[in-house]
Amino acid sequence: MKRPVGAEKKRVKRSSGSSSSAARDSGSDAPPKKKGVKKDVFQLFAEKVRDNKGLESRWAVMEQARVEYFRGKDFVSFVKNHPECKEILEEDKDLDTEDIANVLLEKNLLVRCDRVTKTLRPGKKKLSTWPAHLEIFREDQAFSETDAFFAWTFEKRHPLWQTLLSFFWPVLTLAICLFPVYPHRCKLIVLYSCAGILLMILSLLFVRAVAFGAMWILLGKRVWFFPNILAEEATLKELFRFWPKKDEEEPPKWTSRLFYTVVAVVVVMLLRRHAPDEAARARYQRRMSNIIDDVLEWSPKLALSGLMENQPPVNITEAANNSSDAAGPDHTEEAELDETQAEEEAEDWTNSDIKT
């Protein structure tokens, strides 16, 4: 039995409409295809750990590049004392410290390093705690606590104050170049402020050196107060740390201490013998004060007036000769008569002065 053609067409249309509605419903329920790229949690963990000051780190040279590195045992103690940092790892927050470090090594966020100098230097009891030169560890790149160093491989994010400071340096350079045109009061403030800071730094270094020399000669101890005051890489807290580090070297011999004692006494005696007298000190002080006054009192007006004063003087006789040559013989005769009259008047004045 044959079915009518119209019924089949209606059935096809109905089925196609139902399929399109189902597709719309499924499309509305399906999640969007485009998703934001989620950053690796271990990358976030590494950045947070590196920015934290609780993990002690240093800078060293590794393959002609400066790297920031830390010790394995310091990393273990840091993770133990700062469990909140592991919350960034979300599902992997229950991993052990060694497993976390190994994942960081696999993701090339860390690289294991080794010290370049592995032999003791003369007079040293043990190797340096923080070596200044490193090399990549040639064996397995795995985490270890014992005498293992790990360097960060990613670039550290610069804080906002460093960005602002990079824009401030050109302004400061321009301000230094424009110092001669400052008002007199501003010059005095800048001069005495810089002189005071410089005097404070030199006094601190001198007292520090004297204390070290006295401790070394009398007690045989190497004691450096403010040990990081001349460090190239140090935080503000480490820079002004007062108490010195523990002396790990062997005590000096008594012969070397006696030798440097004699040298110090001889230097002090020579300085006292050849010290300048009062007249020389007054002369030096006057000369320095004159230099400072010249710097403080300089101004563009004085520079312009100085240029006008330093112009070569005009030779009157040459100018007169040139003008007479240009004027003709009559004017030259008149000029010669004027010169003779002026000479006679000058002689009369001198004779009258001698008589009086």
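Numbers given to residues run from 1 along each chain, matching the order in which its sequence is written. This being a predicted model, a pLDDT of at least 70 is required before a residue's local features are given, and a value of 80 or more before pairs of side-chain atoms are given or counted; all residues contribute to the totals for chains, interfaces and linings. Calculated side-chain values reflect all of the structure's heavy atoms, with hydrogen atoms and water omitted.

With respect to the sheet that holds strand β3 (residues 110–115)
1) Next: Here a strand pair is declared whenever DSSP counts at least two bridges between the two strands. Segments assigned H or I by DSSP are reported as helices when at least four residues long, segments assigned E as strands when at least two residues long, and all are numbered from the N terminus. With mixed pairing, the five strands of this closed barrel are ordered in space as β1-β2-β5-β3-β4. Sheet twist, expressed as the mean angle between neighbouring strand axes with direction ignored, is 55°.
2) Next: Sheet topology note: the strand β1 (residues 58–62)/strand β2 (residues 66–71) ladder contains four bridges and is antiparallel. Residue Arg58 lies in a different strand from β2, and its bridge partner there is Tyr69. Only the stretch in contact is used when a helix axis is fitted, and all axes are lines through C-alpha atoms; the angle between N-to-C directions ranges over 0 to 180 degrees.

Side note on the packing of helix α2 (residues 41–51) against helix α4 (residues 97–106)
1) Next: At their nearest, the axes of α2 and α4 sit 11 Å apart, and the two run at 105° to each other. Judged on the interaxial angle alone, α4 and α2 are roughly perpendicular. Of the residues in α4, those in contact with Phe42, Phe45 and Ala46 of α2 are Ile100, Val103 and Leu104.
2) Next: By the convention adopted, Pro, Cys, Tyr, Trp, Phe, Met, Ile, Leu, Val and Ala count as nonpolar, Lys, Arg, Asp and Glu as charged, and the other residues, Gly among them, as polar. Of the residues in the contact of α2 with α4, the class split is six nonpolar, no polar and no charged. Under this scheme an angle from 65 to 115 degrees is roughly perpendicular, one under 35 degrees roughly parallel, and one over 145 degrees roughly antiparallel; angles in between are oblique. Any two residues having at least one pair of non-hydrogen atoms within 4.5 Å are treated as being in contact.

Digging into the environment of Glu90
1) Next: Note that Glu90 resides in the loop between α3 (72–81) and α4.
2) Next: Buried, partly exposed and exposed residues are distinguished by accessible area as a fraction of the type maximum, computed with a 1.4 Å probe on protein chains only: under 20%, between the cut-offs, and over 50%, respectively. For Glu90, a relative accessible area of 41% gives the class partly exposed.
3) Next: Taking C-alpha positions, Glu90 is 7.8 Å from Val41, a pair spaced 49 residues apart along the chain.

Considerations on the nonpolar core
1) Next: Definition of nonpolar core: a set of buried residues of the types Ala, Val, Leu, Ile, Met, Phe, Trp, Tyr and Cys, connected through side-chain atoms within 4.5 Å. Phe45, Phe75, Leu104 and Trp152 are the most contacted members of the largest nonpolar core, which totals 24 residues.
2) Next: Looking at this core, the elements with two or more residues in it are α2, α3, α4 and β5 (149–152).
3) Next: Excluding residues that lie within four positions of it along the chain, Leu104 makes contacts with Phe42, Phe45, Ala46, Phe75, Leu109 and Leu110.
4) Next: Core analysis: the next-biggest nonpolar cluster, separate from the first, contains 10 residues, Val67, Tyr69, Cys113 and Ala151 among them.

Section: the pattern of salt bridges
1) Next: For this document, the term salt bridge refers to a Lys or Arg side-chain nitrogen within 4 Å of an Asp or Glu carboxyl oxygen. The tally for this structure, following the rule as stated, stands at nine salt bridges.
2) Next: With its nearest N and O atoms 3.0 Å apart, the salt bridge here joins Arg50 to Glu68. Here Arg50 is found in helix α2, whereas its partner Glu68 is found in strand β2, with 18 residues between them in sequence. Side by side, Arg50 and Glu68 carry an identical accessibility label, which is buried.
3) Next: Where Arg281 meets Glu278, a salt bridge forms, and the shortest distance between an N and an O atom there is 2.4 Å. One end of the pair, Arg281, and the other, Glu278, are both in helix α9 (residues 278–297), three residues apart, so they sit about a helical turn from each other.
4) Next: Using a relative accessible area of 38% as the deciding quantity, one classes Arg281 as partly exposed.
5) Next: Via salt bridges that share partners, Asp114, Lys118 and Glu135 belong to a single interconnected network.

Quick notes on the packing of helix α6 (residues 184–218) against helix α8 (residues 254–273)
1) Next: Interaxial distance between α6 and α8 falls to 9 Å at its minimum, and their mutual angle equals 135°. Comparing the axis directions of α6 and α8 gives the class oblique. Between α6 and α8 the crossing geometry is left-handed. Packed against α6, whose contacting residues are Trp216, Ile217 and Leu218, the element α8 presents Ser256, Arg257, Tyr260 and Thr261 at the interface.
2) Next: Classifying every residue of the contact of α6 with α8 by side-chain character gives four nonpolar, two polar and one charged. Left-handed describes a crossing in which the near helix is turned anticlockwise from the far one by less than a right angle; the clockwise case is right-handed.

Notes on the pairing of β2
1) Next: The buried fraction of β2 amounts to five of the six residues, a majority that puts the element mostly inside the structure.
2) Next: Counting the residues in the hairpin turn of β1 and β2 gives three residues, including Glu63, whose phi is positive at 55°.
3) Next: The pairing of β2 with β5 spans three bridges and is classified as antiparallel. When the bridges of β5 are listed, Tyr69 appears paired with Ala151.

Some points on a positive patch on the surface
1) Next: On the surface, a cluster of positive charge is contributed by Lys73, Lys125, Lys126, Lys221 and Lys246.
2) Next: Tracing the backbone through its elements, the reader meets Lys73 in helix α3. Only residues whose relative accessible area exceeds 30% and that form no salt bridge enter a patch; like-charged residues are grouped when within 9 Å of one another, and nonpolar side chains (Val, Leu, Ile, Met, Phe, Trp, Tyr) when within 5 Å. The accessible surface values rely on the Shrake-Rupley method and a 1.4 Å probe; as for residues, cover is taken only from the protein chains in view. For the charge count, each Lys or Arg is scored as positive and each Asp or Glu as negative, with His and the chain ends excluded. Each charge is placed at NZ for Lys, CZ for Arg, CG for Asp and CD for Glu.

Concerning a negative patch on the surface
1) Next: A contiguous patch of negative charge on the surface is contributed by Asp96, Glu98, Asp99 and Glu145.
2) Next: For Asp99, a relative accessible area of 34% corresponds to the partly exposed category.

What about the packing of aromatic side chains?
1) Next: Aromatic pairs are defined between Phe, Tyr and Trp rings, using the six-membered ring for Trp, whenever the two ring centres lie within 6.5 Å; interplanar angles under 30 degrees are classed as stacked, those over 60 as edge-to-face, and all others as tilted. This model, assessed by the stated rule, comprises 13 aromatic pairs.
2) Next: Plain terms: the ring middles of Phe70 and Phe75 are 5.5 Å apart, the flat faces sit at 25° to each other, and that makes the pair stacked.
3) Next: Between the aromatic rings of Trp216 and Tyr260, the centroid separation amounts to 5.5 Å while the plane-to-plane angle is 75°, which identifies the pairing as edge-to-face. Taken as a pair, Trp216 in helix α6 and Tyr260 in helix α8 lie far apart in primary sequence, 44 residues in all.
4) Next: What makes Trp216 buried here is its relative accessible area of 14%.
5) Next: The rings of Phe70, Phe75, Phe143, Phe150, Trp152 and Phe154 are connected pair by pair, giving a single aromatic cluster.
6) Next: Lysine NZ or arginine CZ positioned within 6 Å of the ring centre and within 35 degrees of the ring normal marks a charge as sitting over the ring. Taking the ring centre of Phe137 as reference, the NZ or CZ of Arg112 above it sits at 4.0 Å.

Quick look at the UniProt feature "transmembrane region" (unreviewed entry) in the chain
1) Next: UniProt positions are given in the numbering used here, feature names are shortened, and annotations may be inferred rather than shown by experiment. UniProt tags residues 160–182, 189–218 and 254–271 as "transmembrane region" (unreviewed entry).
2) Next: The span residues 189–218 is 100% helical and 0% strand by assignment, and the distance between its end C-alpha atoms comes to 43 Å.
3) Next: Summarising residues 254–271: 100% helix, 0% strand, and an end-to-end C-alpha distance of 26 Å.

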